[in-house]
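Commentary on secondary and tertiary structure
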Amino acid sequence: MALSFYMSLFQIELTRGATEAPFIGFRNYIEVLRSSYFWDSMGRTAYFTVVSIGLEMLFGFLIALLLNQDFKGRGLLRSLLLLPWALPVTVDAIMWKWIFNANYGALNAFLTQIGIIDSYRAWLTRSWSAMHCVIVADVWKVTPLVALLLLAGLQTIPKELYEAAVVDGAGWHSYVFHILIPLLTPTFLVVLVLRTLDAFRVFDIIYIMTQGGPANATKVISFLTYQEAFKFLNFGKGAALAYIITMFVALIAFVYTKIMQKQVEY
């Protein structure tokens, strides 16, 4: 970390030769923060983070509610639920890249057979659909983890509360929104912290599925940092980008921690 910070203060461009690395202070940071490509990538990162986490929290909560019920085969279903999360990210990304393939993808085949589309489409080479395809891949993989964490929170809530709510005339809707969700707020916050910090640094799914394309539509901040350092061989600016990401993540963690502390005190 110390070496990375040291490098960020120099103009280290391997294309100019290793011996030419003048000290430029915080110029790398200033150039990055003033650049439009940085803020564009931050916008894409924020969009990916918000949409992915929103869907994961929604689906995870619904699955957790289902698995918290008593029914035959619940243990088997819980075990099967973990399979997407247990798969390596590389396998997950390659699988979804095949599903969205323009020539032989399963999604095109399915949609044409049921009559929704009349011809195969290149999902990963269109700016609007590429980002959402990546989001689908991320949601499919991480939702089981979110469901598992929320299920653990649900199992700490006494069933007597539901029985008391029924006696008082509260329906299922009132029980969920006025009892379950408020009691699960600490668990929601923990999941939110973990997923936000992870989603904000997303790289591997982007790298495998889209390489930041098409037309930079999926170039998030982590992929921009990778390109700057290892494709353009500008290690000084790449190190500066990495430290800027670290500061943003630290800020997010600080805000969430304060919220969690207030919730615990309350």
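See above for the structure.
What comes next is a walk through the structure. The shown structure was predicted, so the numbers you read here are calculated from the model rather than taken from an experiment. (Residues numbered from 1 in each chain as written. Predicted model: local features only at pLDDT ≥ 70, side-chain atom pairs only at ≥ 80, totals over all residues. Heavy atoms only, no water.)

1. Details of the overall build of the protein
On a plain count of helices and strands, the protein comes out with 14 helices and zero strands. Going residue by residue from the N terminus, the α and β elements of the protein occur as α-α-α-α-α-α-α-α-α-α-α-α-α-α. Principal axes of the C-alpha set define a box for the protein whose edges measure 75 × 55 × 30 Å. Long-range contacts, defined as pairs at least 24 residues apart, comprise 67% of the intrachain contacts of the protein with a sequence gap of at least 6. Carbon and sulfur atoms make up 67% of the accessible area of the protein, which amounts to about 14900 Å² in all. Side chains of the protein carry 19 positive and 16 negative charges; the gap between the two charge centres is 5 Å. (Helix = DSSP H or I, 4+ residues; strand = E, 2+ residues; numbered from the N terminus. Contact = heavy atoms within 4.5 Å. Areas by Shrake-Rupley, 256 points an atom, 1.4 Å probe, with all protein chains shown as cover. Lys, Arg positive; Asp, Glu negative; His and termini not counted. Charge placed at Lys NZ, Arg CZ, Asp CG, Glu CD.)

2. Things to note about the side chain of Arg195
With respect to the helices, strands and loops of the structure, Arg195 is situated in helix α11 (residues 185–200). Polar contacts involving the side chain of Arg195 include one to the side chain of Asp138, which spans 3.1 Å. Discounting residues that sit within four places of it in the chain, Arg195 has contacts with Ile53, Glu56, Asp138, Val142 and Val146. (Polar contact = N/O pair within 3.5 Å; in protein donor to acceptor, adjacent residues only side chain to side chain.)

3. Quick notes on the environment of Met1
Relative to the helices and strands, Met1 resides in the segment before α1 (2–8). Taking the C-alpha atoms as reference, Met1 lies 9.0 Å from Tyr243; in sequence the two are 242 residues apart.

4. Observations concerning the pattern of salt bridges
Inspection of the entire model under this criterion finds six salt bridges. The shortest N-O distance in the salt bridge between Arg195 and Glu56 comes to 2.8 Å. Here Arg195, found in helix α11, pairs with Glu56, found in helix α3 (residues 36–67); they are 139 residues apart in sequence, far enough to count as distant. An identical accessibility class is assigned to Arg195 and Glu56; each is buried. Here Arg74 and Asp70 are joined by a salt bridge, their closest N and O atoms 3.0 Å apart. Exposure remark for Asp70: the relative accessible area of 58% places this residue in the exposed category. What emerges from the salt-bridge pattern is a single network uniting Glu56, Asp138, Arg195, Asp198 and Arg201. (Salt bridge = Lys/Arg side-chain N within 4 Å of Asp/Glu carboxyl O. Buried < 20%, exposed > 50% of the residue type's maximum accessible area, 1.4 Å probe, protein only.)

5. Examining the packing of aromatic side chains
In the structure shown here, the tally under the stated rule is 19 aromatic pairs. An angle of 90° between the planes, with centres 5.6 Å apart, marks the rings of Tyr207 and Tyr226 as edge-to-face. With Tyr207 in helix α12 (residues 204–209) and Tyr226 in helix α13 (residues 221–231), this residue pair connects regions lying 19 residues apart in the sequence. Their ring planes at 85° and their centres at 5.7 Å tell us that Phe230 and Phe235 sit as a pair that is edge-to-face. (Phe/Tyr/Trp six-rings, centres within 6.5 Å; stacked < 30°, edge-to-face > 60°.)

6. Considering the nonpolar core
Residues Phe48, Phe61, Phe100, Leu150, Leu154, Leu180 and Met209 are the most contacted members of the largest nonpolar core, which totals 43 residues. The set of elements that each furnish at least two residues to this core consists of α3, α6 (89–99), α8 (127–154), α10 (172–183), α11 and α12. For this core, the leading source of residues is α8, giving twelve residues. Not counting residues within four places of it along the chain, the set of residues in contact with Phe48 comprises Met131, Val134, Ile135, Asp138, Ala199 and Val202. Core analysis: the next-biggest nonpolar cluster, separate from the first, contains 19 residues, Leu9, Tyr29, Val32 and Leu224 among them. (Core = buried A, V, L, I, M, F, W, Y, C linked by side-chain atoms within 4.5 Å.)

7. Some details on α13
Among the eleven residues that make up α13, eight are buried, leaving the element largely enclosed by the rest of the structure. Every buried residue of α13 is listed here: Ile221, Ser222, Phe223, Leu224, Thr225, Gln227, Glu228 and Ala229. Of the residues flanking the end of α13, it is Leu233, one or two places downstream, whose phi is positive at about 60°.

8. Details of the packing of helix α9 (residues 159–167) against α10
At a minimum axis separation of 10 Å, α9 and α10 run at an interaxial angle of 145°. Read as a crossing pair, α9 and α10 show a hand that is right-handed. Of the residues in α10, those touching α9 at Leu161, Tyr162 and Ala165 are Trp172, Tyr175, Ile179 and Leu183. (Axes fitted to C-alpha atoms, helices over the stretch in contact; angles between N-to-C directions. Left-handed = near helix turned anticlockwise from the far one by under 90°.)

9. Here's the deal with a nonpolar patch on the surface
Judged by side-chain polarity, Leu55, Leu58, Phe59 and Leu62 come together as a nonpolar surface patch covering roughly 340 Å² of accessible area. Relative to the elements of secondary structure, Leu55 occurs in helix α3. With a relative accessible area of 32%, Leu55 lands in the partly exposed category. (Patch = residues over 30% accessible without salt bridge, like charges linked within 9 Å, V, L, I, M, F, W, Y side chains within 5 Å.)

10. Thoughts on the side chain of Arg44
Of note, Arg44 is situated in helix α3. Among buried Asp, Glu, Lys and Arg side chains, Arg44 stands out as unpaired, with Asp40 the closest opposite charge at 4.6 Å. Discounting chain neighbours no more than four positions away, the residues touching Arg44 are Met131, Asn216, Ala217, Thr218, Lys219 and Val220.

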